[in-house]
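Here are the chains, one letter per residue:
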Amino acid sequence: MLSSPAMPALPALPALAAMPALIPGPLAAEEAGVAPATIRKWVQLGHLRAAGKAGRAQLFRLEDVFAAERLARRRTRTASA
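The structure contained in this document is the topic of the report that follows. (Residues numbered from 1 in each chain as written. Predicted model: local features only at pLDDT ≥ 70, side-chain atom pairs only at ≥ 80, totals over all residues. Heavy atoms only, no water.)

A count of helices and strands for the chain gives four helices and three strands. In sequence order, the chain lays out its α and β elements as α-β-α-α-β-β-α. Looking at the chain as a whole, 16% of its 81 residues are labelled buried. Taking the intrachain contacts of the chain between residues at least 6 apart in sequence as the baseline, contacts between residues at least 24 apart amount to 53%. Roughly 6,300 Å² of accessible area belongs to the chain as shown, and the carbon and sulfur atoms make up 61% of that amount. (Helix = DSSP H or I, 4+ residues; strand = E, 2+ residues; numbered from the N terminus. Buried < 20%, exposed > 50% of the residue type's maximum accessible area, 1.4 Å probe, protein only. Contact = heavy atoms within 4.5 Å. Areas by Shrake-Rupley, 256 points an atom, 1.4 Å probe, with all protein chains shown as cover.)

Written out as structure tokens, the structure is:
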């Protein structure tokens, strides 16, 4: 028999899809249309936090990167007004 009643069922695939993907800084910068140095600056200023690490590389949630981008654009717009 292939399955045993004592073995738990595997999680459904949609539960895995709900987990946010983590991407490295250079890819996050490319997606946001900014330089990698901008991502590092946002981290220094506290506008963006790394959600994980892969070796020495910081990993970010794409939605966090976009939120930091919106914040930066808002600050630029209000500073020039």
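Before going further, it helps to spend a moment on the sheet that holds strand β3 (residues 57-61). The sheet built from three strands is open, its strands ordered β1-β3-β2 with antiparallel pairing. The open sheet terminates on both sides in strands that have one partner only, identified here as β1 (22-24) and β2 (52-54). Between one strand axis and the next, the sheet turns through 45 degrees on average, direction left out of account. Where β1 lies against β3, three bridges are found, and the strand directions are antiparallel. Counterpart to Pro 24 in the pairing with β3 is Leu 59. The strands touched by helix α2 (residues 25-32) are β1 and β3; relative to β1, the strand with the most contacts, the crossing angle is about 95 degrees. (Pairing = 2+ DSSP bridges. Axes fitted to C-alpha atoms, helices over the stretch in contact; angles between N-to-C directions.)

Any functional reading would require information that these geometric values do not contain.
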